[in-house]
Amino acid sequence: MADINAIAKQFTDFYYSTFDTNRAGLQALYRDVSMLSWEGTPILGANSISEKLVSLPFEKVQHKVTTLDAQPSSPSVASLIVSVTGLLVVDDSTNPLQFSQVFQLIPEGGSYYVYNDIFRLNYGA
């Protein structure tokens, strides 16, 4: 199996760079069977996921990844689970938001697509 940590890093660098500059460009990473859970709301399919991400109510966003962990997610397929935590700077706010996100990546044609994506903001107690 390829180095899953390198794959996870390459994927997240691409994902967050694209999210921060061109959210519509993320649609290519999802398929009709993909599922996004956004703050507990399930969204099915690449088109619906893209619509959700593009419609988020901010102009500027910057992800700052603080932790990145990856594990294989199947003994028979080179899929992986990627867990990310970090800070989200929205519209140049001086108070970044903490977030966590988990991806399940499935191999397809020498690359990967996002099968599952779970996103949560993490608020203090």
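So, how was this worked out
- Residues numbered from 1 in each chain as written.
- Predicted model: local features only at pLDDT ≥ 70, side-chain atom pairs only at ≥ 80, totals over all residues.
- Heavy atoms only, no water.
- Helix = DSSP H or I, 4+ residues; strand = E, 2+ residues; numbered from the N terminus.
- Rg over C-alpha atoms; globule rule 2.2 N^0.38 Å.
- Salt bridge = Lys/Arg side-chain N within 4 Å of Asp/Glu carboxyl O.
- Buried < 20%, exposed > 50% of the residue type's maximum accessible area, 1.4 Å probe, protein only.
- Phe/Tyr/Trp six-rings, centres within 6.5 Å; stacked < 30°, edge-to-face > 60°.
- Polar contact = N/O pair within 3.5 Å; in protein donor to acceptor, adjacent residues only side chain to side chain.
- Contact = heavy atoms within 4.5 Å.
- Arc of directions from axis to C-beta.
- UniProt positions renumbered as here; feature names shortened; annotations may be inferred.

1. Observations regarding the overall build of the chain
Counting secondary structure elements, the chain contains 2 helices and 6 strands. Going from N to C terminus, the chain has its helices and strands arranged as α-β-β-α-β-β-β-β. A compact globule built from 125 residues would reach a C-alpha radius of gyration of about 14 Å, and the chain, at 14 Å, matches this within 12%. Taken along the three principal axes of its C-alpha coordinates, the chain extends 45 × 30 × 25 Å.

2. Some points on the pattern of salt bridges
Within this structure, the stated rule accounts for 3 salt bridges. The closest approach of N and O atoms between R31 and E108, which form a salt bridge, is 2.4 Å. Pair noted here: R31 is in strand β1 (residues 30-38) and E108 is in strand β5 (residues 97-108), with a separation of 77 residues, a long-range link. Note that K60 and D92 form a salt bridge whose closest N and O atoms lie 2.9 Å from each other. Taken as a pair, K60 in the loop between α2 (46-54) and β3 (61-72) and D92 in the loop between β4 (80-90) and β5 lie far apart in primary sequence, 32 residues in all. Since its relative accessible area comes to 45%, K60 is described here as partly exposed.

3. Things to note about the packing of aromatic side chains
Counted according to the given criterion, the structure contains 9 aromatic pairs. Residues Y16 and F99 carry aromatic rings whose centres are separated by 5.8 Å and whose planes lie at 65° to one another, so their mutual orientation is edge-to-face. Residue Y16 is located in helix α1 (residues 4-21), and its partner F99 is located in strand β5; the two are separated by 83 residues in the primary sequence. No difference in accessibility class separates Y16 from F99, as the two residues are buried. Grouping aromatic residues by their ring pairs yields a cluster made of F11, Y15, Y16, F19, W38, F99, F103 and F119.

4. Details of the side chain of S50
Tracing the backbone through its elements, the reader meets S50 in helix α2. Here the side chain of S50 touches Q27 through a polar contact of 3.3 Å, side chain to side chain. If we skip the residues at most four places from it in the chain, S50 touches A24 and Q27.

5. Looking at unusual backbone geometry
Residue D91 is not a glycine yet carries a positive backbone phi of 50°. Take D91: it is sitting in the loop between β4 and β5. Accessibility expressed as a relative area gives 37% for D91, which makes it partly exposed. With a phi angle near 60°, D92 is a residue other than glycine that sits in the positive phi range.

6. So, α2
All of the buried residues in α2 are A46, I49, S50 and L53. The arc that holds every buried residue of α2, seen down its axis, measures 100°, which confines them to one face. Of the surrounding secondary structure, the elements contacted by the buried residues of α2 are α1, β1 and β2 (41-44).

7. Some remarks on the UniProt feature "domain: NTF2" (unreviewed entry) in the chain
With numbering matched to this structure, UniProt assigns "domain: NTF2" (unreviewed entry) to residues 7-121. Between the C-alpha atoms that bound residues 7-121 the distance is 24 Å, and the span itself is 21% helix and 51% strand.

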